[in-house]
Amino acid sequence: MTDQQPPPLTTLRTEVADRIGILTLHRPDQRNALNAALLAEFAAVLTAWEADESVQGIVITGSGEKAFAAGADISEVAGWDVSTGLAAEMQRLFDRLQEFPKPTLAAVNGVAMGGGLELAMSCDLRIAAEDARMGLPEVGLGVLPGAGGTQRLSRLVGPGRALEMILTGRALSAEQAEHWGLVTQVVPAADLLTTATETLGTVLAKGPLAVRLAKMVIGPGHDTDQRTGQLLEQLAQTLLYTTGDKAEGTAAFLEKRAPEFTGR
């Protein structure tokens, strides 16, 4: 199926250009806090764009200059209970984002706190504006980062630094987040979206099957022992050796021209 459009949206803004879908969290009066309506619309956009061949990658950012996403909407959190925790709907949604078959990039503008940072960590890549701040302050509310935050943060920055961030609740500057490996690049706020789309455009110029399989290997491979991870790598590489994209990529290199990948 191609050109499938997401449903009418009230808490998100979407646009597609040059094979990149730009998804903007749009609750500026609430600093783009993640409420149930936004998360439902987010899930619907993922469904639509996964099926839409005109969208080959996604950039996620926040509306306005102050916030990527300030976290879960506290007015809703106040009513959450044991059943909410067991349902783990936000965790499941962010797992789905992490496993999305197309490359994803979080363009972090302003603050990314709690669920906002958990959303960003679920993306493949993260680029931050110079004035961005990131943290997981949930312990101050008597809860913990429950949408994958305890696990993704420790894998990105190490368990010691993750414990410091989560137990103290303190936020990192963009510069420190880059130093710790939480984001890969820091740019002026005015250049954030351009840099994000250019970076994702660079990814989309590569072999699409290779990109997809690299995503599939690196994540699970990190969660297992090195030998098992290398076995996953070996099997993925063996599969890629049989593809038209491999033939095209090597031929283009030898002929000193740009490759024309087909994803086949």
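For the structure given in this document, a descriptive report is provided here. Just so it is clear, the model here is predicted, and its values are computed rather than measured.

**With respect to the overall build of the protein**
- Per the secondary structure count, the protein includes 12 helices and 10 strands.
- Rg of the C-alpha trace for the protein: 19 Å, near the compact-globule value of 18 Å for 264 residues, within the 12% margin.
- Going through the 264 residues of the protein one by one, you find that 43% of them count as buried.
- Sequence-distant contacts, at least 24 apart, represent 68% of the contacts inside the protein between residues at least 6 apart.
- Here the protein holds 22 positive side-chain charges and 32 negative ones, and the gap between their average locations is 4 Å.

**Regarding the sheet that holds strand 6 (residues 111–113)**
- What the 4 strands build is an open sheet, ordered 4-6-8-9; its pairing is mixed. Two strands in the sheet have a free side with no partner beyond their single neighbour: strand 4 (67–69) and strand 9 (172–173).
- Here strand 6 pairs with strand 8 (residues 133–135) via 3 bridges, running parallel. Looking at the pairing, Val 111 lines up with Arg 133 of strand 8.

**Re the pairing of strand 1 (residues 12–17)**
- Where strand 1 and strand 2 (residues 20–25) come together, 6 bridges link them in antiparallel fashion. Following the sheet pairing, Ala 17 is matched in strand 2 by Ile 20.
- Following strand 1, the chain reverses through 2 residues before pairing antiparallel with strand 2; Asp 18 in that reversal takes a positive phi of roughly 55 degrees.

**Things to note about the packing of helix 10 (residues 208–222) against helix 11 (residues 226–240)**
- The geometry of helix 10 relative to helix 11 is characterised by a closest axis approach of 9 Å and an angle of 170 degrees between their N-to-C directions. Taken together, the axes of helix 10 and helix 11 lie roughly antiparallel to each other. Between helix 10 and helix 11 lies a crossing of right-handed hand. Facing Leu 209, Ala 210, Leu 213, Val 217, Pro 220 and Gly 221 of helix 10, the residues of helix 11 in contact are Gly 229, Leu 232, Glu 233, Ala 236, Leu 239 and Leu 240.
- Classifying every residue of the contact of helix 10 with helix 11 by side-chain character gives 9 nonpolar, 2 polar and 1 charged.

**Points about the side chain of Asn 109**
- Along the chain, Asn 109 falls in the loop between strand 5 (104–108) and strand 6.
- Here the side chain of Asn 109 touches Gly 64 through a polar contact of 2.9 Å, landing on its backbone oxygen.
- Ignoring sequence-local partners within four residues, the contact set of Asn 109 consists of Thr 61, Gly 62, Ser 63, Gly 64, Lys 66, Ala 67, Phe 68, Ala 129 and Leu 192.

**Digging into a negative patch on the surface**
- Where like charges cluster on the molecular surface, the negative patch consists of Glu 65, Glu 130, Asp 131, Asp 191 and Glu 198.
- Mapping Glu 130 onto the fold places it in the loop between strand 7 (125–129) and strand 8.

**As for the pattern of salt bridges**
- If you walk through the whole model with that rule in mind, you get 7 salt bridges.
- The shortest N-O distance in the salt bridge between Lys 215 and Asp 124 comes to 2.7 Å. With Lys 215 in helix 10 and Asp 124 in the loop between helix 5 (115–121) and strand 7, this residue pair connects regions lying 91 residues apart in the sequence.
- Accessibility expressed as a relative area gives 28% for Asp 124, which makes it partly exposed.
- Across the pair Arg 257 and Glu 248 runs a salt bridge, and its minimum N-O distance is 2.7 Å.

What counts as what
- Residues numbered from 1 in each chain as written.
- Predicted model: local features only at pLDDT ≥ 70, side-chain atom pairs only at ≥ 80, totals over all residues.
- Heavy atoms only, no water.
- Helix = DSSP H or I, 4+ residues; strand = E, 2+ residues; numbered from the N terminus.
- Rg over C-alpha atoms; globule rule 2.2 N^0.38 Å.
- Buried < 20%, exposed > 50% of the residue type's maximum accessible area, 1.4 Å probe, protein only.
- Contact = heavy atoms within 4.5 Å.
- Lys, Arg positive; Asp, Glu negative; His and termini not counted.
- Charge placed at Lys NZ, Arg CZ, Asp CG, Glu CD.
- Pairing = 2+ DSSP bridges.
- Axes fitted to C-alpha atoms, helices over the stretch in contact; angles between N-to-C directions.
- Parallel < 35°, antiparallel > 145°, perpendicular 65-115°, else oblique.
- Left-handed = near helix turned anticlockwise from the far one by under 90°.
- Nonpolar A, V, L, I, M, F, W, Y, C, P; charged D, E, K, R; others polar.
- Polar contact = N/O pair within 3.5 Å; in protein donor to acceptor, adjacent residues only side chain to side chain.
- Patch = residues over 30% accessible without salt bridge, like charges linked within 9 Å, V, L, I, M, F, W, Y side chains within 5 Å.
- Areas by Shrake-Rupley, 256 points an atom, 1.4 Å probe, with all protein chains shown as cover.
- Salt bridge = Lys/Arg side-chain N within 4 Å of Asp/Glu carboxyl O.

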